[in-house]
Amino acid sequence: MDGKSEVFLMSIAEREAVLLAPYAMHSADSRGRKHEETEHHYRGPFQRDRDRVVHSSAFRRLSGKMQVFTGDRGDYHRTRLTHTHEVASIARTIGRSLRLNEDLVEALALFHDIGHPPFGHAGEDALDECLTGHGGFSHNQFALTLAEELESRYAAFPGLNLTYEVLEGQATRADKEASYAMTGLAPLLEVQVVEAADSMTYDAHDTDDAVKLQLVTLEELATCALVREALARVRGAYSNLRDDLLRKAVVHQLIDRQVTDVLQTSAAILATAGELSAQEIRRSAIRIATTRELSEQKRELEKFLYDRVYRHGHLITVRREAQSRLKQMFERYCERPELLPPHFQVRAKAVGVPRAAGDYLGGMTDRFCDRQHRELFGSMS
Ligand code: MG
């Protein structure tokens with residue numbers, strides 16, 4: 001880069017000093033990476049993390065992994081990838097408003113679900129059962145395995161070599177209580193924002209998908225205060241809306257209501273933070289929070305979604321079948337490890353066959369998993 005262009009590029013540290021609050025995680029204070037690297041000349045450490053996540057194979061495979069619904073009812077509903085983008089979008093909005101490190105928020109959000117196995121939480125439960133006695137399986141933990149061991153993109157180091165802050169944020173998701181008990185530190189505010197955004201996002205989009213897929217009606221959902229109030233606000237502003245526009249307007253309201261609440265509540269709390277740094281805040285009682293009213297309303301909606309949508313008869317059948325396929329495949333790979341791809345056979349020597357089989361299955365998309373099952377066992381029926 002010539003001297004002239006350097007004049008136009010404000011250093012990351014200077015830019016963050018102007019834009020971020022004292023309690024934000026400033027890039028200059030990052031604890032760095034396991035394998036030391038020189039700084040990039042125009043991207044900060046968390047921008048590089050974001051780019052590494054986006055360019056990883058595991059991230060691309062999120063497009064073939066279900067969120068709640070498989071593709072047998074059309075292509076309207078969210079996949080794990082579009083869910084991730086919605087979380088990143090909402091988390092960035094919140095992060096920017098609270099003057100947190102938006103690059104770190106984005107990296108964390110894009111990374112947060114990267115460890116999901118095929119067939120969502122049903123797939124996770126099946127693999128966890130398969131790996132009983134071998135450490136179990138959790139998607140949050142698997143994200144770390146992918147980032148540190150399984151992704152292979154760089155000549156200089158294994159994995160993605162993400163910053164300590166992103167890995168620690170994900171480790172907190174894997175086991176909140178243990179990490180708090182061990183360190184006495186709350187997660188970084190950026191990590192807390194992603195957690196809040198994740199829940200706001202799925203509450204809104206699962207409502208949308210469930211109505212669109214005709215598993216429940218908006219009127220039925222209106223037994224929950226959060227949806228009832230959103231519906232009343234939309235009907236107050238527009239009369240005689242077409243059904244699809246009504247549903248979409250309600251979803252906008254659900255997002256706006258939740259984001260506004262977390263912003264107002266958290267901004268009031270953060271106003272007491274003074275000059276506390278990111279690390280000092282972690283030792284304080286200051287947290288990203290919502291009003292009690294909103295958390296109760298969210299709990300009510302989540303219970304409704306759990307009972308009426310996630311446990312809908314059709315979904316249960318699809319899930320049960322996927323689980324039994326995964327278990328069959330796991331057993332077959334354990335009996336005949338030579339059926340694993342060569343690099344997982346090598347991995348089996350280090351971590352054992354069951355773990356290597358679980359890692360291979362955990363990385364699969366729904367479609368690839370079905371195809372592999374057909375190759376191993378013939379027809380799915
Ligand atoms: Mg998520």
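Residues numbered from 1 in each chain as written. Predicted model: local features only at pLDDT ≥ 70, side-chain atom pairs only at ≥ 80, totals over all residues. Heavy atoms only, no water.

Which parts of the structure should I look at to understand the overall build of the protein?
Along the backbone of the protein there are 20 helices and zero strands. In terms of overall dimensions, the protein is globule-like: its C-alpha atoms have a radius of gyration of 22 Å, near the 21 Å expected for 381 residues. In terms of overall dimensions, the protein has a C-alpha envelope of 60 × 60 × 45 Å along the principal axes. Of all 381 residues assigned to the protein, the portion counted as buried reaches 51%. In the protein, 72% of the contacts between residues at least 6 apart in sequence involve partners at least 24 apart. Carbon and sulfur atoms form 51% of the exposed surface of the protein, whose accessible area is close to 18600 Å². The positive charge centre, built from 50 side chains, and the negative charge centre, built from 57, are 3 Å apart in the protein. (Helix = DSSP H or I, 4+ residues; strand = E, 2+ residues; numbered from the N terminus. Rg over C-alpha atoms; globule rule 2.2 N^0.38 Å. Buried < 20%, exposed > 50% of the residue type's maximum accessible area, 1.4 Å probe, protein only. Contact = heavy atoms within 4.5 Å. Areas by Shrake-Rupley, 256 points an atom, 1.4 Å probe, with all protein chains shown as cover. Lys, Arg positive; Asp, Glu negative; His and termini not counted. Charge placed at Lys NZ, Arg CZ, Asp CG, Glu CD.)

What should I look at first to understand the coordination of the magnesium ion in this one?
Angles at a metal have ideal values that depend on geometry: 109.5 degrees with four tetrahedral donors, 90 or 180 degrees with six octahedral donors. Protein ligation of the magnesium ion involves His-83 (NE2), His-112 (NE2), Asp-113 (OD) and Asp-198 (OD), the donor distances falling in the range 2.2 to 2.4 Å. For the magnesium ion, the donor residues sit on a single chain with the sequence spacing H-x28-H-D-x84-D. Of this pair, His-112 sits in the loop between α6 (102–111) and α7 (120–130) while Asp-198 sits in helix α11 (residues 189–212), and the two are 86 residues apart along the sequence. Under the relative-accessibility criterion, His-112 is labelled buried at 0%. (Donors = N, O, S within 2.8 Å, 3.2 Å for Na, K, Ca; no water.)

What is the right way to look at the pattern of salt bridges in this model?
Side chains that differ in charge, positive against negative, can pair when their charged atoms come close. Evaluation of the coordinates by the stated rule reveals 32 salt bridges. The shortest N-O distance in the salt bridge between Glu-102 and Arg-92 comes to 3.2 Å. Within this pair, whereas Glu-102 is found in helix α6, its partner Arg-92 is found in helix α5 (residues 80–97), the two being separated by ten residues in sequence. Under the relative-accessibility criterion, Arg-92 is labelled partly exposed at 29%. Connected through salt bridges with shared partners, the residues Arg-43, Arg-50, Asp-51, Arg-92, Arg-96, Glu-102 and Glu-106 form a single ionic network. (Salt bridge = Lys/Arg side-chain N within 4 Å of Asp/Glu carboxyl O.)

What exactly am I supposed to notice about the environment of Lys-248 here?
Residue position: Lys-248 is located in helix α14 (residues 243–270). Residue classification places Lys-248 among the partly exposed positions, given a relative accessible area of 33%. For the pair Lys-248 and Ala-13, spaced 235 residues apart in sequence, the C-alpha separation works out to 41 Å.

For this particular structure, what's the right way to read the packing of α11 against helix α16 (residues 292–310)?
Between two packed helices, what matters for the description is the angle formed by their axes and the separation of those axes. Where α11 meets α16, the axes come as close as 11 Å, and the angle between the chain directions of the two elements is 40°. If you check the angle between α11 and α16, you find them oblique. Of the two elements, α11 crosses α16, and the hand of that crossing is left-handed. Contacts between α11 and α16 involve Ser-199, Met-200, Tyr-202, Asp-203, Asp-206, Thr-207 and Ala-210 on the former and, on the latter, Lys-298, Leu-301, Glu-302, Leu-305, Val-309 and Tyr-310. Residue composition of the contact of α11 with α16, by class: seven nonpolar, two polar and four charged. (Axes fitted to C-alpha atoms, helices over the stretch in contact; angles between N-to-C directions. Parallel < 35°, antiparallel > 145°, perpendicular 65-115°, else oblique. Left-handed = near helix turned anticlockwise from the far one by under 90°. Nonpolar A, V, L, I, M, F, W, Y, C, P; charged D, E, K, R; others polar.)

Got a minute to help me understand α7 in this structure?
One turn of the α-helix equals 3.6 residues, which is why residues spaced by three or four share an orientation. By the burial criterion, the buried members of α7 are Gly-120, Ala-122, Gly-123, Glu-124, Ala-126, Leu-127 and Cys-130. On the buried face of α7, the contacting elements are α5, α8 (139–150), α17 (313–335) and α19 (353–363).

Quick question: what am I supposed to make of the packing of aromatic side chains here?
Aromatic ring pairs: the centre-centre distance and the angle between the two ring planes describe each pair. A full pass over the atoms with the stated rule returns four aromatic pairs. Judged by centre distance (5.1 Å) and plane angle (45°), the rings of Phe-137 and Phe-142 are tilted. Each of the two residues, Phe-137 as well as Phe-142, counts as buried. Geometrically, the ring pair formed by Phe-344 and Tyr-360 is tilted, given 5.1 Å between the ring centres and 45° between the ring planes. Of this pair, Phe-344 sits in helix α18 (residues 342–351) while Tyr-360 sits in helix α19; the two residues are 16 residues apart in sequence, bridging distant segments of the chain. Given a relative accessible area of 10%, Phe-344 falls into the buried group. Classification of Tyr-360 by relative accessible area gives buried; the value is 11%. Among the aromatic side chains, those forming a connected cluster through ring pairs are Tyr-333, Phe-344 and Tyr-360. For the cation-ring pair, Arg-31 lies above Tyr-164, with the distance from its terminal atom to the ring centre recorded as 3.6 Å. Of note, Arg-52 hangs over the ring of Tyr-154, and the distance from its end group to the ring centre comes to 5.1 Å. (Phe/Tyr/Trp six-rings, centres within 6.5 Å; stacked < 30°, edge-to-face > 60°. Lys NZ or Arg CZ within 6 Å of the ring centre and 35° of its normal.)

Could you clarify how one ought to interpret the environment of Ala-174 in this entry?
Structurally, Ala-174 is set in helix α9 (residues 164–174). For Ala-174, a relative accessible area of 28% translates into the label partly exposed. Measuring from C-alpha to C-alpha, the distance between Ala-174 and Lys-248 comes to 33 Å, with 74 residues separating the pair along the chain.

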